[in-house]
Amino acid sequence: MFRSFISTKIKFAAIHTSSGQKAIPPIIWLIIKPVSKLSSIIIGRGLRKWLRSPANLHRKQAVIEHFKTKKKHYFFGITGFGAGCYGYYTSHLELTPITHRKRFIIFNSAHLKEIEEFEKKNILESFKDKVLPVDHKYTINALRIANKLFSANMHLPEVKDIKWKLTVIQSDIVNACAFPNGDVFVFTGLMDFVKNDDELAFIIAHEMSHTILQHGAEQMSHSRIFDIISIALSLIIWSMVPYDTGSIFTEKIAENMQEYFFSLPYERVLEKEADIVGMILSAKACFDVRNNSQFWHRMNDLSKENEIPEFLSTHPSNINRAKDLEDFLPQALKIRDECNCYKLPEKKF
């Protein structure tokens, strides 16, 4: 069952990933990444100077001849390296729970523990006098809804195996968040904004879905791939582009293309998936899932002036989120009926 989180002591639940995965922990990679990036720039810049120096013309010719002579060896070497990378990638593919989407993942909860503790500590320190007690009406209501979600979905190992905790924080922020170990934070601004228990259940279920689907570990794994590609691109750009200003400009363009065409769309996929799974969890708990899309319509009205274009955001637009839920509604209602829930009254719009 959910329980109110009123202390800073955290118990971590395991994230289920493929066995035998080994990777540099994210907390260490935060140090290695900038060092590697700087090294690639320095090496690339030095290689560019060497290639452009007239004094090294004979050496460059010797290198070219060497590659021509050994081209078969390099071809097989590069092919072997590529095959090894492909093998590593495919060996770390797995299916997500519930949605069965194929994804690349190399991390587990032990890798994320340090970052998770740091982020939760920041939240608790920022709102240290705003955490509501277990007997507060907001906490009682949130726990009642969360427990209903948990009880209805405990047949799922990903739900049952996590030690869920719920914290309600007094704040006007219209938001909620969850961590890989099962800690869910709900702000009273969100509880005041929702129109009914059904909407609040959907948002809590959405946050539960991020934990169930291990989106934190997946995002970290996905980022690692692009970090490595970015470091390799830096080496190539700084060795091939003639001038430093051109290298800086080209690298910035490459980073923006990676962000807008790969990273951000991928994060929007995860948010959409959490919406759909949240709707499934809510349906199984017999909440009225017809209310879910209305939440995003109202959020659109609330943030219309400040909302950034979807292609620049980590989240789908509020309107698109509402539409996706409306498209999935027939399936959600079918799931709800299969769970022998009470019959819903006709909805008046």
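Before any of the text, the structure's been laid out above.
Before going into details, it helps to say that this report is about the structure given with it. (Residues numbered from 1 in each chain as written. Predicted model: local features only at pLDDT ≥ 70, side-chain atom pairs only at ≥ 80, totals over all residues. Heavy atoms only, no water.)

### A word on the packing of helix H5 (residues 137-153) against helix H8 (residues 197-212)
Our working definition: Helix axes are fitted only over the stretch in contact, all axes being lines through C-alpha atoms; the angle between N-to-C directions runs from 0 to 180 degrees. A run of H or I in DSSP becomes a helix once it reaches four residues, and a run of E becomes a strand once it reaches two; helices and strands are each numbered from the N terminus. The hand of a helix crossing depends on one turn: near helix anticlockwise from the far one by less than a right angle means left-handed, and clockwise means right-handed. Whether two residues touch is decided by their heavy atoms; if any such pair falls within 4.5 Å, the residues are in contact.
One can describe the packing of H5 onto H8 by two numbers: an axis separation of 10 Å at closest approach and a directional angle of 65°. When the axes of H5 and H8 are compared, the crossing they make is right-handed. Contact with H5, carried on its side by Asn141, Ala142, Arg144, Ile145, Ala146 and Leu149, involves Asp197, Leu200, Ala201, Ile204, Ala205 and Met208 of H8 and no other residues of that element.

### What to know about a nonpolar patch on the surface
Where we set the bar: Like charges are joined within 9 Å and nonpolar side chains (Val, Leu, Ile, Met, Phe, Trp, Tyr) within 5 Å, but only among residues with over 30% relative accessible area and no salt bridge; these make up the patches. All accessible areas in this document rest on Shrake-Rupley with a 1.4 Å probe, and a residue is counted as covered only by the protein chains that are shown. In the sections that follow, a salt bridge refers to a side-chain nitrogen of Lys or Arg positioned within 4 Å of a carboxyl oxygen of Asp or Glu.
On the surface, Phe249, Ile253, Met257, Tyr260, Phe261, Phe262, Ile308, Phe311 and Leu312 cluster together into a nonpolar patch covering about 930 Å² of accessible area. With respect to the helices and strands, Phe311 occurs in the loop between helix H11 (292-303) and helix H12 (318-338).

### Structural notes on unusual backbone geometry
Where we set the bar: Burial status follows relative accessibility: with a 1.4 Å probe on protein chains alone, a residue under 20% of its type maximum counts as buried, one over 50% as exposed, and anything between as partly exposed.
With phi around 75°, Ile98 is a residue other than glycine that occupies positive phi space. With respect to the helices, strands and loops of the structure, Ile98 is situated in the loop between strand S1 (93-95) and strand S2 (102-104). Given a relative accessible area of 25%, Ile98 falls into the partly exposed group. Notably, Cys286 is not glycine yet its phi reads approximately 70°, a positive angle. Its place among the elements puts Cys286 in the loop between helix H10 (244-284) and H11.

### With respect to the pattern of salt bridges
Counted according to the given criterion, the structure contains 18 salt bridges. In this structure, Lys37 engages Glu255 in a salt bridge whose closest nitrogen and oxygen atoms are separated by 3.5 Å. With Lys37 in helix H1 (residues 26-52) and Glu255 in helix H10, this pair connects stretches of sequence that are 218 residues apart. We note a salt bridge from Arg321 to Glu271, for which the minimum N-O separation is 3.5 Å. You can see Arg321 sitting in helix H12 and its partner Glu271 sitting in helix H10, a full 50 residues away along the chain. As far as burial versus exposure is concerned, Arg321 and Glu271 are alike and both buried. Sharing partners across several salt bridges, the network here consists of Glu94, Arg101, Arg103, Glu218 and Glu273.

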